[in-house]
Each structure stands twice: as C-alpha cells, then as structure tokens.
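What follows is the residue order along each chain.
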Amino acid sequence: MGVGAHMTTLGIIGAGNIGSHVARAAIAQGYEVVIANSRGPETLADLIAELGPQARAATAEEAAAAADVVQVAVPLRAYRDIPVEPLDGKIVLDANNYYWERDGHIEALDRGEETSSGLLQKHLPTSKVAKAFNHIVASHITTDGSPAGTENRRALATASDYPEAIDFVTSFYDAAGFDTVSAGPLSESWRVERDRPAYVTRQNAEELRANLARAPRVIG
C-alpha cells in the first residue's frame, strides 16, 4: 500500500485506457477512486462495477473536489476543460500527450517552446502538476510492474516544479511496480513526450536516464 493510500482519494479525469488502468493500480494500493469522463457519470457504470466498492463515478468538478490527488488523462485539446478551483493546491498527475493529428496543431508545441504538461500547469496555476503515466502502454500499467529491487525493473519518468509532486509520483510508481527517474522541472517534461526515445519503450532506470538525455527538443 502506498504512502497514506488508505486515507487518500485519487481523482481521475478521463476514463479512457490510461485513466482506467491507473484506477486499477490505485485501487490495488488501497486508494478510493473517483472517476469522471466527458460524457457523464452514468456512462461509467460498467467500469465502476468492474472496479468495485472503492470506486465511484462523478463529474469532473466533483472528482476534482473529492480528490486529494488527481490524474488527468484527456485528449490534450480538452485540457482547458479541467476544473481549476477545486484543484487549488493539489498534486495533478498529467498523462496527456500531444497528437496533432487528433488535437490540431499547437504552434508553441510544434516549435518546442512549450510542453504539454506546461500548458496544463498554466491552466492550473495553483496546482502542482507532474508528468506521469504518459509514456507507457495503458495495459502495461497493471501488468508490467515488479517488486522493488527486481533486476532490470521497468522505470517510468516524471517531471515537476514541485518536489512533493515528484515524491508522490515516485511512491505511486514504486507501489505499482516501477522505478522512477525524474527528468527535473516541468520544463524538461518534453524529454518523455511522444516520438522521443523514452516514449512507450520498456526501459530500466539506467536506460531511461540515457533516453531522456538523448531526446531531441524538436521532432522534425
């Protein structure tokens, strides 16, 4: 069980593949989970039935308000729909990825002037945003972990301007079965974005550090 997980509520905004697998990982760690999607709580009945009594469906506003920590996993084009006020002071885990084919072109991202997580942090100025779970195939979140100290244990990256957010991600990753490598401040989170060497690759901590270091800033 994660640090304080027995009394922690994890909110999940975005009930797609990543969100639902993070929910499973959180429930396994003892969290209460409140899940929202863009279509309304009633559309989550099957998922909630599968997740069991620790999970409930809600609106995005309700999930943000009820949660101690929130995982955001929505299409990047919808990041401005994330409620701001109820996330004041809270750690927000960002799994968003920029797919221009789906989201439309965002010039500041194309030019390497912003990061996808940086856009969310600007939208949530009083929250503590950390990159998390954006660079792993969703189903691997609940199947590819292993106990701490396992040889060649898979590692996942994070980045945040808030040490307490990096600490939370590190402990959550560890309980889910993964080592953590921090890329540093949120401005470095591009190192784990789409099409970079660290993206959706199975890598141990040493390999992940190398992949982060050799990432190109702009994808041509």
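Quick summary incoming for the structure in this document. Worth saying up front: this structure is predicted, and the values here are computed from it rather than measured.

Rules used throughout
Residues numbered from 1 in each chain as written. Predicted model: local features only at pLDDT ≥ 70, side-chain atom pairs only at ≥ 80, totals over all residues. Heavy atoms only, no water. Patch = residues over 30% accessible without salt bridge, like charges linked within 9 Å, V, L, I, M, F, W, Y side chains within 5 Å. Areas by Shrake-Rupley, 256 points an atom, 1.4 Å probe, with all protein chains shown as cover. Salt bridge = Lys/Arg side-chain N within 4 Å of Asp/Glu carboxyl O. Lys, Arg positive; Asp, Glu negative; His and termini not counted. Charge placed at Lys NZ, Arg CZ, Asp CG, Glu CD. Helix = DSSP H or I, 4+ residues; strand = E, 2+ residues; numbered from the N terminus. Phe/Tyr/Trp six-rings, centres within 6.5 Å; stacked < 30°, edge-to-face > 60°. Buried < 20%, exposed > 50% of the residue type's maximum accessible area, 1.4 Å probe, protein only. Contact = heavy atoms within 4.5 Å. Pairing = 2+ DSSP bridges. Right-handed = clockwise from strand over helix to strand, strands pointing away. Polar contact = N/O pair within 3.5 Å; in protein donor to acceptor, adjacent residues only side chain to side chain.

Some points on a negative patch on the surface
Okay, so step 1: A cluster of like negative charges, contributed by Glu61, Glu62, Glu85 and Asp88, occupies part of the molecular surface.
Okay, so step 2: Mapping Asp88 onto the fold places it in the loop between β4 (69-72) and β5 (91-94).

Here's the deal with the pattern of salt bridges
Okay, so step 1: This structure, assessed with the given rule, holds 15 salt bridges.
Okay, so step 2: Here Asp94 ties to Lys131 by a salt bridge, and the two come within 3.4 Å at their closest N and O atoms. With Asp94 in strand β5 and Lys131 in strand β6 (residues 128-131), the pair connects residues that are 37 residues apart, well separated along the chain.
Okay, so step 3: The salt bridge partner of Arg102 is Asp103, with a shortest N-O separation of 2.8 Å.

Details of the packing of aromatic side chains
Okay, so step 1: For the structure shown, the criterion picks out four aromatic pairs.
Okay, so step 2: Linked through ring pairs, Tyr31, Phe133, Phe168, Phe172 and Tyr173 together constitute an aromatic cluster.

As for the side chain of Thr9
Okay, so step 1: Along the chain, the position of Thr9 falls in strand β1 (residues 9-13).
Okay, so step 2: Given a relative accessible area of 16%, Thr9 falls into the buried group.
Okay, so step 3: With residues up to four places along the chain from it excluded, the contact list for Thr9 reads Glu32, Val34, Ala66, Ala67, Asp68 and Val69.

Some thoughts on the side chain of Thr158
Okay, so step 1: Mapped onto the elements, Thr158 comes out in strand β7 (residues 155-160).
Okay, so step 2: Contact partners of Thr158, with chain neighbours within four places excluded, come to Ala130, Lys131, Ile166, Val169, Thr180, Val181, Ser182, Ala183 and Gly184.

Describing the pairing of strand β8 (residues 179-182)
Okay, so step 1: Sheet topology note: the β7/β8 ladder contains four bridges and is parallel. Residue pairing for β8: Thr158 is matched across the bridge by Ser182.
Okay, so step 2: A crossover links β7 with its parallel partner β8, the connecting element being helix α7 (residues 163-176), and its sense is right-handed.

Quick notes on the environment of Ile35
Okay, so step 1: By the element assignment, Ile35 lies in strand β2 (residues 32-36).
Okay, so step 2: For Ile35 and Leu124, which are 89 residues apart along the polypeptide, the C-alpha to C-alpha distance reads 19 Å.
Okay, so step 3: Once you skip the residues sitting within four places of it in the chain, Ile35 turns out to touch Ile12, Ala15, Ala23, Leu44, Leu47, Ile48, Leu51, Arg56, Ala57 and Ala58.

Some details on the environment of Arg102
Okay, so step 1: For Arg102, the location among the structural elements is in helix α4 (residues 100-103).
Okay, so step 2: Accessibility expressed as a relative area gives 35% for Arg102, which makes it partly exposed.
Okay, so step 3: Sequence separation between Arg102 and Ser139 is 37 residues, and the spatial gap between their C-alpha atoms is 21 Å.
Okay, so step 4: Not counting chain neighbours up to four residues away, the residues in contact with Arg102 comprise Pro75, Leu76, Arg77 and Asn97.
Okay, so step 5: Polar side-chain contacts of Arg102 include one of 2.8 Å to the side chain of Asp103.

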